[in-house]
Amino acid sequence: RTEEIVILQTALQVNPSDGRARYYLGNLFYYKGRAEEAIREWLQSVKLKNPYPVVYRNLGFAYWKAKTDLTTAARYYEKAITLNRYNIRTYIELDEVYRLANNTRPRAKLFNHMPVKVKQNEQIIKRLAGFYNDTRQYDKTVPLLTKTQFYFTREGEKTIANLLQTAYSGRLAK
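A brief structural summary. Source: prediction; values computed, not measured.

Reading the values: the criteria
Residues numbered from 1 in each chain as written. Predicted model: local features only at pLDDT ≥ 70, side-chain atom pairs only at ≥ 80, totals over all residues. Heavy atoms only, no water. Phe/Tyr/Trp six-rings, centres within 6.5 Å; stacked < 30°, edge-to-face > 60°. Helix = DSSP H or I, 4+ residues; strand = E, 2+ residues; numbered from the N terminus. Buried < 20%, exposed > 50% of the residue type's maximum accessible area, 1.4 Å probe, protein only. Lys NZ or Arg CZ within 6 Å of the ring centre and 35° of its normal. Contact = heavy atoms within 4.5 Å. Polar contact = N/O pair within 3.5 Å; in protein donor to acceptor, adjacent residues only side chain to side chain. Axes fitted to C-alpha atoms, helices over the stretch in contact; angles between N-to-C directions. Parallel < 35°, antiparallel > 145°, perpendicular 65-115°, else oblique. Left-handed = near helix turned anticlockwise from the far one by under 90°. Nonpolar A, V, L, I, M, F, W, Y, C, P; charged D, E, K, R; others polar. Expected span 1.5 Å × (residues − 1). Salt bridge = Lys/Arg side-chain N within 4 Å of Asp/Glu carboxyl O.

So, the packing of aromatic side chains
Taken as a whole and assessed by the stated rule, the structure comprises nine aromatic pairs. Here Phe 111 and Phe 131 contribute two aromatic rings whose centre-to-centre distance is 5.6 Å and whose plane-to-plane angle is 40°, an arrangement assigned as tilted. Note that Phe 111 is positioned in helix 7 (residues 104–112) and Phe 131 in helix 9 (residues 122–134), a separation of 20 residues in sequence. An identical accessibility class is assigned to Phe 111 and Phe 131; each is buried. Feature note: the residues Tyr 30, Trp 42, Phe 61 and Trp 64 constitute an aromatic cluster, connected by ring pairs. The side chain of Lys 79 reaches across the aromatic face of Tyr 56, ending 5.8 Å from its centre.

Given below as structure tokens:
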């Protein structure tokens, strides 16, 4: 709501060094489609030593989606991961940024250095299978997907079937 922006701006007049208020204000600006203002507030929040990992994730997302600056986006996502190594969403989004930028080595490193708990997540397993297919490592895709039990949340989900089809086709083409 617009009045929340006014409330946070007033709070910042009283305490301009409130990193959390700047973070929340950035969230509101981004939600309202005001990406430049959101980025400015989040950057101020970072300058004020806000240790909250999501502020870095949000900067990564904004640089990716609003500015299409994949290099800067990756840098902020990487920082977010150093602050919270268990946020699945951050890993997924960073992998997509790397994929879009055609950065194979950082993608491989991302998957190789994930905590075991993160690697066991279904969405991460799908991303890893996609990485294997993208890098023509089809012989790794098939066992990864066939040994994992997936729980489908919507009818007609074809992600796994498509990944397997790509892997089997790739194996045949070799």
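Here's the deal with the environment of Asp 95
Considering the arrangement of structural elements, one finds Asp 95 in helix 6 (residues 88–100). Spatially, the C-alpha atoms of Asp 95 and Arg 136 are 17 Å apart, while their sequence positions differ by 41 residues. Once residues within four sequence positions are removed from consideration, Asp 95 is found in contact with Arg 107, Leu 110, Phe 111 and Arg 127. A polar contact of 2.6 Å, which involves the side chain of Asp 95, links it to the side chain of Arg 127.

Quick notes on the packing of helix 2 (residues 19–31) against helix 4 (residues 53–65)
Put simply, helix 2 and helix 4 touch, their axes get as near as 11 Å, and they point 30° apart. Between helix 2 and helix 4, the angle falls in the class roughly parallel. Handedness of the crossing formed by helix 2 with helix 4: left-handed. Residues Tyr 23, Asn 27 and Tyr 30 of helix 2 form the contact with helix 4, whose own contacting residues are Val 54, Val 55, Asn 58, Phe 61, Ala 62 and Lys 65. Looking at the contact of helix 2 with helix 4 residue by residue, the class counts come to six nonpolar, two polar and one charged.

Some remarks on helix 6
Over its 13 residues, helix 6 runs 19 Å from end to end, which matches the ideal 18 Å to within 8%, given 1.5 Å per residue. In terms of burial, helix 6 is a largely internal element, 10 of the 13 residues being buried. Along helix 6, the residues that are buried comprise Ile 88, Thr 90, Tyr 91, Ile 92, Glu 93, Leu 94, Asp 95, Glu 96, Val 97 and Tyr 98. At its buried positions, helix 6 is contacted by helix 4, helix 5 (70–83), helix 7, helix 8 (116–119) and helix 9. Measuring from the side-chain oxygen of the N-cap residue of helix 6 to the backbone nitrogen of Arg 89 gives 3.0 Å; that N-cap residue is Asn 87. Of the residues one or two after helix 6, Asn 102 is the one with positive phi, at around 60°.

As for the pattern of salt bridges
A full pass over the atoms with the stated rule returns 13 salt bridges. We note a salt bridge from Arg 34 to Glu 37, for which the minimum N-O separation is 2.6 Å. The exposure class assigned to Arg 34 is partly exposed, which follows from its relative accessible area of 33%. Linked through salt bridges whose partners overlap, the residues forming this network are Asp 95, Glu 96, Arg 99, Arg 107, Arg 127 and Asp 134.

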